[in-house]
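A closer look at the structure
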Amino acid sequence: MMSRRKPDPLETVVRFVCGALAGALVGFWIGVRLDLSGFLAMLGITMVFCMVFAVCAVRYGDGFWYSLLK
């Protein structure tokens, strides 16, 4: 049985930041596509995607990115 290694702290930070940036871009794009005119609505959608992408990138690592780009 093969065990997964635990990522070091720097790798965790890099995964979190990359996930957050990708999530912010996707959230902003979806907000524009939904034609949201309010600042708080746009900020809310963007922040939700930002956090979901960041947490998934840290938790699932490369598997998250592979499944996202599949």
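Residues numbered from 1 in each chain as written. Predicted model: local features only at pLDDT ≥ 70, side-chain atom pairs only at ≥ 80, totals over all residues. Heavy atoms only, no water.

Describing the overall build of the chain
The cut-off we apply is this: The numbering of helices and of strands both runs from the N terminus, where a helix is a DSSP run of H or I of at least 4 residues and a strand a run of E of at least 2. Burial classes: relative accessible area under 20% of the type maximum marks a residue as buried, over 50% as exposed, and values in between as partly exposed (1.4 Å probe, protein chains only). Using a 1.4 Å probe, accessible areas were evaluated by the Shrake-Rupley method; residue-level cover was limited to the displayed protein chains.
Helix and strand counts for the chain stand at 3 helices and 0 strands. Going residue by residue from the N terminus, the α and β elements of the chain occur as α-α-α. The dimensions of the chain, computed from C-alpha atoms along their principal axes, are 50 × 25 × 15 Å. Counting only residues that meet the buried cut, the chain has 21% of its 70 residues in that class. Element-wise, carbon and sulfur atoms account for 72% of the exposed surface of the chain, whose accessible area totals about 5600 Å².

Quick look at the layout of surface pockets
How we decide: Here a cavity means grid points, on a 1 Å grid over the protein atoms only, where a 1.4 Å probe fits yet cannot get out; a pocket means an open set of points with protein on both sides within 12 Å along at least five of seven lines; lining residues are those with an atom within 4 Å of a point. Grid points are joined across faces, edges and corners, and a volume is the space filled by probe spheres set on the points. For this scheme, ten residues count as nonpolar: Ala, Val, Leu, Ile, Met, Phe, Trp, Tyr, Cys and Pro. Four count as charged, namely Asp, Glu, Lys and Arg, and the remainder, Gly too, count as polar.
Size it by volume and the largest pocket reaches roughly 200 Å³. Taken together, Arg4, Arg5, Lys6, Pro7, Glu11, Arg15, Val58, Arg59, Tyr60, Gly61 and Asp62 make up the full set of residues lining the largest pocket. Put simply, the parts of the chain that give the lining of the largest pocket at least two residues each are α1 (9-33) and α2 (39-60). Partitioned by chemical class, the residues of the lining of the largest pocket number 3 nonpolar, 1 polar and 7 charged.

Quick look at the pattern of salt bridges
Put simply, the rule is: Here a salt bridge means any side-chain nitrogen of Lys or Arg lying within 4 Å of a carboxyl oxygen belonging to Asp or Glu.
What the rule picks out here adds up to 1 salt bridge. Across the pair Glu11 and Arg15 runs a salt bridge whose closest N-O atoms are separated by 2.8 Å. One end of the pair is Glu11 and the other is Arg15, both in helix α1 and 4 residues apart, which spans about a single turn. We classify Arg15 as buried; its relative accessible area is 19%.

Some thoughts on the packing of aromatic side chains
The description of two aromatic rings rests on the distance between their centres and on the angle between their planes. Put simply, the rule is: Stacked, edge-to-face and tilted labels apply to pairs of Phe, Tyr and Trp rings (six-membered ring for Trp) whose centres lie within 6.5 Å, assigned for plane angles under 30 degrees, over 60, and everything in between, in that order.
Under the criterion given, the structure shown has 3 aromatic pairs. Ring geometry for Phe49 against Phe53: centres 6.3 Å apart, planes inclined by 55°, an arrangement best described as tilted. Note that Phe49 and Phe53 are positioned in helix α2 at a spacing of 4 residues, about one turn of the helix. Pairing Phe64 with Trp65 gives two aromatic rings, centres 5.0 Å apart and planes at 70°, and the pair type is edge-to-face.

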